[in-house]
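Each chain, letter by letter, is given below.
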Amino acid sequence: MSPALAPLRVRIFRVLWLAGIVSNIGSWMQTVGAQWLLVEHGSSAAVVALVQTAASAPVLLLALPAGVLGEFLNRRTVLIVVQSVQLAVVLVLSGLTIAGATTPALLLVLTFLLGACSAVQLPAYQAIVPDIVPRPLIADAAVLSSIGVNVARAIGPAAAGLLVAQLGVASVFLANALSFAVFLAALVLWRGYVPPRGRPERFLDATRAGLRYIRHAGVIRGLYLRLALFLLPANALWALLPVVASGTYRMGAGGYGLLLAAVGVGSVAGAFVLPPLRRRFSASAVVSVSAGVFGASMVGLIVLPSLWLVLLVLVVAGIAWIGVIATINGAVQSFLPVWVRTRGLSIYQLVLFGMTAVGAAVTGALAGPFGVGPVLVGSGVLLVVLAAVGLLRPSVSPEGKGRSIVPLPLTDVPPVEAAAAPGEGAGEAGTDAHTPVLVLVRYTVPEERRPEFERRMADVARTRRRTGARDWSLYVDREDTAVMVEAFTVGSWQEHLSQHLDRITEYDEGVLARARELADGDPVAEHLIARAASARRR
């Protein structure tokens with residue numbers, strides 16, 4: 001078996017992957033059917049582009065709460081509930097379409113509801129993959145997931161075109177309902193899932209912790225920025241391709257499906273090209289080159305004179321698309337530590353679908369006054385420029401940073417640990433589980449080592465903030481200038497325990513060790529409980 005297919009040896013991943021392909025075929029058929037229904041109604045390019053916006057915009061509202069729910073609820077249960085709701089919505093849409101009662105506005109509303117379900121489902125689904133696939137195979141599993149999406153892209157549009165031509169748009173919606181039923185059956189029959197157990201957190205605290213991690217994780221921020229800068233212009237292709245098919249090439253639904261199928265074929269081929277490229281080049285280089293090729297393909301779609309050449313260019317675009325999306329997705333899944341994985345992936349989905357919604361809306365609006373061709377060419381040129389900048393200024397590499405959790409024993413002040421263990425409420429120190437805590441860590445650092453110590457403590461600050469610190473400062477003891485004091489606050493004693501037991505990665509442990517090796521002796525920690533907050537709570 002090819003190394004790219006190694007995750008398929010895991011039975012449950014294989015079953016979910018195949019069921020996911022069926023579901024994604026239905027989703028692509030749904031998109032083609034919805035867009036073509038609007039074209040038949042004589043809707044403008046801007047309205048047709050709103051199908052992409054309606055499907056993607058709910059992520060802007062629901063991604064963060066969906067990430068928190070997926071972190072602390074049983075992910076399999078979340079997926080079962082969401083699939084059931086999607087099945088019900090598509091059945092309603094099918095019935096309305098058969099009755100001839102589906103207006104453009106109603107279609108966009110129901111598409112928005114399906115998008116809302118996807119917003120809840122996707123972080124949980126992506127986070128469940130590392131639960132069932134060994135860590136070395138996570139990146140390849142991400143590529144296979146992209147293969148699944150793009151196999152669906154190759155099959156779904158063509159199948160939708162045939163069904164629309166033979167049986168009408170309502171048959172496409174019914175086929176999508178059947179695809180949801182297949183995925184739902186696979187989830188219901190899966191009995192062996194054991195969800196990872198995390199330390200419980202309050203909803204708002206968990207949301208803030210996820211945002212705080214992303215804010216102070218430079219690697220993840222860089223990956224998300226690269227994704228956003230790619231998607232904003234790249235989505236001109238998906239938003240305007242049905243207009244190009246019907247206007248430039250005078251195609252029907254079957255021809256539009258053929259164009260999308262060409263992209264899907266390229267994406268499947270790209271999945272086999274990508275693993276050797278990842279082994280030879282950095283993720284940043286693969287993303288930059290792929291983005292540039294995708295931009296050039298968008299220009300070729302307009303300037304090339306032959307339909308056969310356009311189909312070839314769309315195959316190349318599919319290879320380039322998976323080169324960007326699968327590389328970034330695999331890097332994110334591999335890098336995010338387990339305690340914040342679903343929340344981090346929810347923000348990934350926020351970027352992915354949010355930029356899809358914005359890009360589709362903007363390019364659709366620009367196509368009105370400027371024309372479809374100039375918008376596609378301008379978007380392609382912008383991608384080529386951004387790709388060149390990415391090659392000249394590569395992002396921080398996620399490779400070589402240990403991501404496994406390394407519990408650090410709480411040995412600094414045993415009486416505080418005993419007094420306020422998780423879930424015990426008020427203890428001897430007069431605390432409760434949600435009272436803010438100030439942590440002071442004293443280091444004795446000789447003067448000659450202090451400049452290097454302060455530089456290393458800047459990395460410590462980022463580690464503390466990523467794992468829960470709400471603020472952080474470094475002080476010098478006025479009475480003894482050899483003593484430097486690290487001070488940071490966390491939201492509760494429970495969250496500080498999570499810092500020690502659940503959130504420190506191998507990389508973070510190394511950061512702390514490199515700072516401590518410059519100090520004489522072991523650091524001494526104190527934990528101070530906010531009394532005023534406790535008094536207000538009573």
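Further up the page is the structure itself.
A. Structural view of the packing of aromatic side chains. For the structure on display, the rule yields nine aromatic pairs. Note on Phe230 and Trp321: the rings are 5.5 Å apart at their centroids and 50° apart in plane angle, and the pair reads as tilted. With Phe230 in helix α9 (residues 218–248) and Trp321 in helix α12 (residues 307–335), the pair connects residues that are 91 residues apart, well separated along the chain. Taking relative accessible area as the criterion, Phe230 reaches 3% and is therefore assigned buried. Aromatic side chains Trp238 and Phe294 sit 6.4 Å apart centroid to centroid with 45° between the ring planes, which places their arrangement in the tilted category. Within this pair, whereas Trp238 is found in helix α9, its partner Phe294 is found in helix α11 (residues 283–303), the two being separated by 56 residues in sequence. Exposure class is identical for Trp238 and Phe294. Each is buried. Through a chain of ring-to-ring contacts, three or more aromatic side chains come together here, namely Phe230, Trp238, Phe294 and Trp321.

B. Structural context of empty space enclosed by the protein. All told, the structure shown has five cavities of 30 Å³ or more when counted by the stated rule. Looking at the largest cavity, its volume works out to about 1300 Å³. What lines the largest cavity is a set of 49 residues, and nearest its centre among them are Asn24, Trp28, Leu122, Val149 and Phe353. Counting residues per element, the lining of the largest cavity draws most heavily on helix α1 (residues 11–40), at ten residues.

C. Summary view of the sheet that holds strand β1 (residues 437–444). Taken together, the four strands give an open sheet; going across it, the order is β2-β3-β1-β4, and neighbouring strands pair in antiparallel fashion. Only two strands of the sheet have a single neighbouring strand rather than two, namely β2 (471–476) and β4 (524–529). Across the sheet, the mean angle from the axis of one strand to that of its neighbour is 20°, orientation sign disregarded.

D. Spotlight on the pairing of β4. Across the two faces of β4 the burial differs, with Ala525, His527 and Ile529 buried and Val524, Glu526 and Leu528 not buried at all. As paired strands, β1 and β4 are joined by six bridges and run antiparallel to one another. Across the sheet, Val437 pairs through a bridge with Ile529, a residue of β4.

E. Focus on the packing of α11 against helix α14 (residues 372–392). It is the contact of α11 with α14, at a shortest axis distance of 8 Å, that shows an interaxial angle of 160°. Taken as axis vectors, α11 and α14 run roughly antiparallel relative to one another. The hand of the α11/α14 crossing is left-handed. In the contact of α11 with α14, the residues fall into 16 nonpolar, eight polar and no charged.

Parameters and conventions
- Residues numbered from 1 in each chain as written.
- Predicted model: local features only at pLDDT ≥ 70, side-chain atom pairs only at ≥ 80, totals over all residues.
- Heavy atoms only, no water.
- Phe/Tyr/Trp six-rings, centres within 6.5 Å; stacked < 30°, edge-to-face > 60°.
- Helix = DSSP H or I, 4+ residues; strand = E, 2+ residues; numbered from the N terminus.
- Buried < 20%, exposed > 50% of the residue type's maximum accessible area, 1.4 Å probe, protein only.
- 1 Å grid on protein atoms, 1.4 Å probe; cavity = no way out; pocket = protein on both sides within 12 Å on 5 of 7 lines; lining within 4 Å.
- Points joined across faces, edges and corners; volume = space filled by probe spheres on them.
- Pairing = 2+ DSSP bridges.
- Axes fitted to C-alpha atoms, helices over the stretch in contact; angles between N-to-C directions.
- Parallel < 35°, antiparallel > 145°, perpendicular 65-115°, else oblique.
- Left-handed = near helix turned anticlockwise from the far one by under 90°.
- Nonpolar A, V, L, I, M, F, W, Y, C, P; charged D, E, K, R; others polar.

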